[in-house]
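Coordinate analysis (summary)
If you want the building blocks of each chain, they are given just below.
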Number of protein chains: 2
Amino acid sequence: MIRTLSSRKWILVAALFPALFIPNLLASDAAVHEDPVAPLLLALIVILATAKGAGELFERLHMPAVLGELVGGIVLGNLILLNPAWSFFEPLRAQVMEIHWAVIIDGMARLGVIILLFEVGLESTVKGMMKVGTSSLFVAVVGVIAPFILGYGVSWMFIREVPVQIAAGMPAGFSVHYIHLFVGSVLCATSVGITARVFQDLGRLHTREAQIILGAAVIDDVLGLIVLAVVSSVISAAKVGQSIQVGSIFRLIAVAVLFLGGALTVGTFVIPRMMKLLAKLRTAGVMLLSSLLLAFLLSYLAGLAGLAGIVGAFAAGLLLERVHFREFREDIDIFRLIKPISTFLVPVFFVLMGIQVHLESFADLSVLGIAAGLTAAAVIGKQACAWGATGKALDRMSIGVGMIPRGEVGLIFASIGRSLKVVDGPTFSAIVIMVIVTTLVTPPLLKVTLSRGGKGAERLGVDSGIEK
Amino acid sequence: MIRTLSSRKWILVAALFPALFIPNLLASDAAVHEDPVAPLLLALIVILATAKGAGELFERLHMPAVLGELVGGIVLGNLILLNPAWSFFEPLRAQVMEIHWAVIIDGMARLGVIILLFEVGLESTVKGMMKVGTSSLFVAVVGVIAPFILGYGVSWMFIREVPVQIAAGMPAGFSVHYIHLFVGSVLCATSVGITARVFQDLGRLHTREAQIILGAAVIDDVLGLIVLAVVSSVISAAKVGQSIQVGSIFRLIAVAVLFLGGALTVGTFVIPRMMKLLAKLRTAGVMLLSSLLLAFLLSYLAGLAGLAGIVGAFAAGLLLERVHFREFREDIDIFRLIKPISTFLVPVFFVLMGIQVHLESFADLSVLGIAAGLTAAAVIGKQACAWGATGKALDRMSIGVGMIPRGEVGLIFASIGRSLKVVDGPTFSAIVIMVIVTTLVTPPLLKVTLSRGGKGAERLGVDSGIEK
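Residues numbered from 1 in each chain as written. Chains lettered and ligands numbered in written order. Predicted model: local features only at pLDDT ≥ 70, side-chain atom pairs only at ≥ 80, totals over all residues.

1. Structural notes on the overall build of chain A
Within chain A, the secondary structure is distributed over 22 helices and zero strands. Here chain A holds 468 residues, and the buried ones make up 54% of them. Considering only intrachain contacts with a sequence separation of at least 6, the fraction spanning at least 24 residues in chain A is 81%. (Helix = DSSP H or I, 4+ residues; strand = E, 2+ residues; numbered from the N terminus. Buried ≥ 20, exposed ≤ 12 C-beta atoms within 10 Å, placed from the backbone. Contact = placed C-beta atoms within 7 Å.)

2. A word on the interface of chain B and chain A
On the chain A side, the residues contacting the 80 residues of chain B number 78 residues. Those elements that place two or more of their residues in the side of chain B that touches chain A are helix H4 (37-60), helix H5 (65-78), helix H6 (101-123), helix H11 (193-201), helix H14 (286-304), helix H17 (334-355), helix H21 (407-419) and helix H22 (425-452) of chain B. A class-by-class count of the residues in the side of chain B that touches chain A yields 48 nonpolar, 21 polar and 11 charged. (Nonpolar A, V, L, I, M, F, W, Y, C, P; charged D, E, K, R; others polar.)

3. What to know about the domain arrangement of chain A
All names here are of chain A. Each domain of chain A was delimited in the assignment, giving domain 1 (2-34 + 99-452) and domain 2 (35-98). Contacts between the two partners involve 21 residues from domain 1, matched on the other side by 17 residues from domain 2. Ranked by residues supplied to the side of domain 1 that touches domain 2, first place goes to helix H14 (residues 286-304) with nine residues. Taken together, the residues that form the side of domain 1 that touches domain 2 break down as 11 nonpolar, seven polar and three charged. (Domains from an automatic or database assignment.)

4. A word on H14 of chain B
Residues and elements named next belong to chain B. Compared with the 27 Å implied by 1.5 Å per residue over 19 residues, the 26 Å span of H14 between its first and last C-alpha is a close match. Most of H14 sits out of view: 17 of its 19 residues are buried. At the exit of H14 stands Gly 306, carrying a positive phi of roughly 85°. (Expected span 1.5 Å × (residues − 1).)

5. A word on the relation of the copies chain B and chain A
Taken as rigid bodies, chain B and chain A are interconverted by a rotation of 180° and an axial shift of 0.0 Å, the fit giving an RMSD of 0.0 Å. Viewed as a symmetry operation, the transformation between the two copies matches a two-fold axis. Ranked by how close their C-alpha atoms come to the rotation axis, the residues of chain B are headed by Ile 104 of chain B, at 2.4 Å. (Least-squares fit on C-alpha atoms with pLDDT ≥ 70 in both.)

6. Concerning unusual backbone geometry
Positive phi outside glycine occurs at Lys 421 of chain A, with the angle close to 60°. Within the element layout of this structure, Lys 421 of chain A appears in the loop between helix H21 (407-420) and helix H22 (425-452).

7. Details of helix H15 (residues 309-320) of chain B
In this model, H15 of chain B (12 residues) spans 17 Å end to end at C-alpha, consistent with the 16 Å of a helix rising 1.5 Å per residue. Burial within H15 of chain B is extensive, with 12 of its 12 residues counted as buried.

8. Considering the packing of helix H12 (residues 208-239) of chain B against H15 of chain B
All names here are of chain B. H15 packs onto H12 with a crossing angle of 150° between their chain directions and a minimal axis gap of 10 Å. One finds that H12 runs roughly antiparallel with respect to H15. When the axes of H12 and H15 are compared, the crossing they make is left-handed. Mapping the contact onto sequence places Asp 221, Leu 225 and Ala 229 in H12 and Ile 310, Val 311 and Phe 314 in H15. Residues belonging to the contact of H12 with H15 are distributed by class as follows: five nonpolar, no polar and one charged. (Axes fitted to C-alpha atoms, helices over the stretch in contact; angles between N-to-C directions. Parallel < 35°, antiparallel > 145°, perpendicular 65-115°, else oblique. Left-handed = near helix turned anticlockwise from the far one by under 90°.)

9. Digging into the nonpolar core
Generally speaking, a soluble globular protein has its nonpolar side chains buried in company with each other. Core analysis: the biggest nonpolar cluster contains 323 residues, and Val 311 and Val 432 of chain A together with Val 311 and Val 432 of chain B have the highest contact counts within it. Leave out the neighbours within four places in its chain, and Val 311 of chain B touches Leu 225, Ala 229, Phe 259, Leu 260 and Ala 302 of chain B. (Core = buried A, V, L, I, M, F, W, Y, C linked by C-beta atoms within 7 Å.)

10. Overview of the environment of Ile 149 of chain A
All names here are of chain A. Tracing the backbone shows Ile 149 in helix H8 (residues 133-158). Assessed through the 14 C-beta atoms surrounding it within 10 Å, Ile 149 is described here as partly exposed. In sequence terms Ile 149 and Pro 426 are 277 residues apart; their C-alpha atoms lie 21 Å from each other.

11. Notes on the environment of Phe 413 of chain B
Examined against the element boundaries, Phe 413 of chain B turns out to sit in helix H21. Separated by 321 residues in the primary sequence, Phe 413 of chain B and Leu 92 of chain B place their C-alpha atoms 30 Å from one another.

12. What about the packing of H6 of chain B against H17 of chain B?
Residues and elements named next belong to chain B. Two elements in contact, H6 and H17, have axes whose closest approach is 7 Å; the angle formed by their N-to-C orientations is 135°. It follows from the interaxial angle that H6 and H17 lie oblique. Like other packed secondary-structure pairs, H6 and H17 cross with a definite hand, here left-handed. Contact with H6, carried on its side by Ile 105, Met 108, Ala 109, Leu 111, Gly 112, Val 113, Ile 115, Leu 116, Phe 118, Glu 119 and Leu 122, involves Ile 334, Phe 335, Ile 338, Ile 341, Ser 342, Leu 345, Val 346, Val 348, Phe 349 and Leu 352 of H17 and no other residues of that element.

13. Quick word on the environment of Ala 216 of chain B
All names here are of chain B. Mapped onto the secondary structure, Ala 216 falls in helix H12. Judged by local crowding, Ala 216 falls into the buried class, with 31 C-beta atoms found within 10 Å. With 79 residues separating them in the primary sequence, Ala 216 and Leu 137 have C-alpha atoms 6.0 Å apart.

14. Quick look at the confidence of the model for chain A
Residue and element names in this part refer to chain A. Model confidence for chain A is summarised by a mean pLDDT of 78, while 82% of its residues fall at 70 or above. A low-confidence stretch, residues 1-8 stays under pLDDT 50, and its non-local contacts, those more than four residues away or across chains, total eight contacts. Below a pLDDT of 50 lies the segment residues 21-33, which in the model reaches 17 contacts outside its immediate sequence neighbourhood of four places, other chains included. In the predicted complex, the global pTM is 0.80; the interface-specific ipTM is 0.79. (pLDDT = per-residue confidence, 0-100.)

Rendered as structure tokens:
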């Protein structure tokens, strides 16, 4: 377990961690700069940190925090007077800025995804992942590999050449296999929120089957993020005309694992000390802002390391869990502090994903075929999980069915594919339909398989309404 | 008091209220469409309402709310298939969107201002405004008129012709007097947060002087919003080459008063019933989202009525106070629910205001002159308030000094001036400096005037740290 590492090992890992970023920082590579979230995160990090820092300073001098924020802003904006190279904030100072509301909604949705994965991380714990043991691990690994292969196959069957829309933005030799790779990776993630809800409604949340599924889902999140990191990097390289060797793929997997592991080890070391310091600050909202800053910072660093920003947000959530705050201020629950922000931003993401589905694209029967094929691949792929579960007298069929829903993580992957311009409109629409169908079929199917076992006649037909 | 109106009068006022908007809706006038916040608010209202509505429906059908949000989005995005005129969401569906992080930060700051004024409204109550009585009213009225006249004069002294930057966007006959008008209105608002803090630190918050100042500040907010509404409309008209008659100005004042009054009367009638309905919903975050929706909706309607969006946000806050939630769900305090969102978004506004100050513009001595002149006008103008206060044995000087700080409302007015393109870069910078200086000088000055009275030797030098 991470917390029992000796302090010598700590230092070693801590030293390795920043080294990961140096090549990317110097190379200033295309993948980072193409991602519009990276500069947004950087700007938010600098702005919010300045606001809190200067606000705190002014409070201590018995002046209002708001004045500190203002003066801090003046300093940031006028850094360029000291050095013309410090021009990062110039776009904010133009007298005429082309403001389009759609860009702002899009940005809010992107921040919503980061907050969402931060919350997912907050709800997961490293300890929890270790505890569920080998059964969950096998289920998770099989549940990532099988759908990936099937998804690749379906994409290969239906998409025989690079669509014109995509080809326009790619170099001449861009292979259609990159598209298959991405579609396959979209199918990896499991979203078991809905499954957990069905188990809960049936009063079966504490059965071994439920525990295996919930554990596997957390591991799936991590494995899915690694698959995404690798596939995205391969595609980013292909976009600038490079192909990636097998050796590089291992290097990418190593970066992803080291990033997650490094963030967690360094974080476990740094976070409690940081919290102790922050607890001394006077200005309002310190805990909330510092958590947000951590999520944004790790997302940004993940981008620099060539990973998706959500990997960093997830790591930030894992790090904060709920523990560290309680140690310093009993009354603060980080989950409750973040909730209003996610209530505001996360629905923007989901509605936007729906808005971007072009129903007219299903007039093309092949798109309908992709949707059906992907849905079948998603369902069948996860049935393989049933055989991954170890242990006697398990309701294997329920485990397979419970792993079917794709939900938010599949959508996030698809939206990243859109950003990378490797997923075109029709394929995006097909993926959304797959997400909807897999999520819709699970509850009735699960009720059938669970009652088939005859162990659970006591259905709670009534909604428990816990989430309200 | 509003709540004692007979129900017949209710219906009359309720019927008058929507009528205000009809001409503007049909005319689809320039002022509304120029404001980039209007379509952003409309999009957020539709998206969040759809998310909650569809989410609730799905929850009731025992399906995950998130799926409802997705399906709701599909419906919104594909409305265009039913009627090509329903194309509002098309900009969100473009495969390639030009995403610039600066636009997103700017949008977040604008939303931050709306949330900020919503909070100011939540902290004010109609009852409270009525109670402080005539003394506060006189102080407030004098404190709006005197700085307006002085500010107009300073602007007239330093800005003799329309700056090139501004002239480029205006019709040929655009008079420099419009700029003076706007600069004057920026000086109207009082931001007594800092004054309240000093009184609190000195243990004098319950003196008559403090109560008069706090009451006057709330009335100032309302008067300032009305002045802003009138001046903005005059300038919007001038921008399309129209000049406004005195009769129209009275119409504008009437619209502003009717909007605030109408929103408050209709709202007091509708809100409790709405809350009773909403309290029955199952999905999470209902209370938070419906409050945000109300703030966004009234901001949007204010825009349609030709007023600044913040007028609507303030009205929404006044309407919700804290009362209505407590009636239905004891555990929900709307102020606490909104706080994390304002902690996240409001600092973005203040830092952005600082970033937009071009220090190099002070190399031009005339800009330094404007800054000094505006600061003097701001300080002297509020001293007139001292004579507005009625009552014996009042520490009039402390009242005058306590009204000096301009703070956030002055900044918000200045940023609206930037949006209207009537405030150019140098003037904006001068206004920010005025805000900073007036806020900085108040605490030491106030300590002097208060101790001069000899009534308060017991200074609490130590920060009470209440806000943490």
